[in-house]
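# A structural walkthrough
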Amino acid sequence: MTFDVRPASVLEDVRALVGPKSPGANVCWCLSYRLPSKLNNQLRGPARGEYVGELCRRQPPPGVLAYDGDEPVGWAAVAPRSGTSFARSRTIPHLDDLPVWSLWCIRVRPGHRGQGISHALIAGAVEFARSHGAPVIEAYPLDSGEARVDTTMAYAGIRKNFERAGFTHAADTTSVLAGHPRVLMRLDLR
C-alpha cells in the first residue's frame, strides 16, 4: 500500500492525529518536546490547539502527515533539534554542532496500524528534513529488542524501524520510556 506524506500544514488533519476528542482536554498535541516546560504547562485546553494552528501556518510546518487518499492516517513530528528540548536534554546526548533535525514522535491512527504507515512517515520525515537543508536527522526510538511495546508509549518509534530506514546507532542514552532504553539513531543527509 502506498501512502502520500505531506507537510503538516492543515490544522484539522493534525488534530485528527494528535488532538483531543474533547476541545477542552489537555492532551499533548505533540508539544511536550517542542516547547519549554513552563510554556508547555501554561498552555491549557483550546490554547494548545491554537498554538499548533500557528505552527501549521509557519514555514516549516511542525511535521508531516501520512494520507490514505484524503484521510490523514499518520503523524510524525520533525523539526530542527535546536528548537526542541532535545537541544538541552540531560538524558539524550548532544553529539556535535551540526544543525541536525530531530524526529521524535510517530503516531498511526487506530484501525490503520500494521499497514506500513510508520515506515512511510519515517521516509517522509527524512525527505522533509532534507528539503529544508538538514545535514543530519536524529531519532530517539525505543530499543525494545523483540519485546512488545504498548502502543500508547510507542510514539518514539522502534529501533528496528529506523534501522530499516537507513538510520544507524550513534549513541546510547540514559533515557527510558515504557521500561525500554532509548537510543540515538542518525541518518546523514549530505
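Definitions and cut-offs
Residues numbered from 1 in each chain as written. Predicted model: local features only at pLDDT ≥ 70, side-chain atom pairs only at ≥ 80, totals over all residues. Heavy atoms only, no water. 1 Å grid on protein atoms, 1.4 Å probe; cavity = no way out; pocket = protein on both sides within 12 Å on 5 of 7 lines; lining within 4 Å. Points joined across faces, edges and corners; volume = space filled by probe spheres on them. Nonpolar A, V, L, I, M, F, W, Y, C, P; charged D, E, K, R; others polar. Helix = DSSP H or I, 4+ residues; strand = E, 2+ residues; numbered from the N terminus. Core = buried A, V, L, I, M, F, W, Y, C linked by side-chain atoms within 4.5 Å. Buried < 20%, exposed > 50% of the residue type's maximum accessible area, 1.4 Å probe, protein only. Contact = heavy atoms within 4.5 Å.

Let us look at the layout of surface pockets. The method is simple in principle: a probe with the dimensions of a water molecule rolls over the atoms, and the space it marks as empty is what remains. If you add up the space inside the largest pocket, you get close to 1200 Å³. Residue classes in the lining of the largest pocket are distributed as 23 nonpolar, 14 polar and 8 charged. Reported here for the second largest pocket is a volume of approximately 200 Å³. Lining the second largest pocket are Arg-34, Leu-35, Tyr-51, Leu-55, Arg-58, Pro-60, Pro-61, Pro-62, Ala-79, Pro-80, Gly-83 and Thr-84. Of all elements in the fold, only α3 (46-57) and β3 (71-80) reach the threshold of two or more residues within the lining of the second largest pocket. Of the residues belonging to the lining of the second largest pocket, the class tally is 8 nonpolar, 2 polar and 2 charged.

All right, on to the nonpolar core then. Of all hydrophobic cores here, the largest spans 27 residues; its most connected members are Val-78, Leu-103, Leu-121, Ile-137, Phe-162 and Phe-167. Counting residues per element, the ones that place at least two in this core are β2 (63-68), β3, β4 (101-108), α4 (117-131), β5 (136-139) and β7 (180-188). Considering every element that reaches this core, the biggest residue donor is α4, with 8 residues. Not counting residues within four places of it along the chain, the set of residues in contact with Ile-137 comprises Val-78, Trp-101, Leu-103, Ala-125, Val-126, Ala-129, Phe-167, Met-185, Arg-186, Leu-187 and Leu-189.

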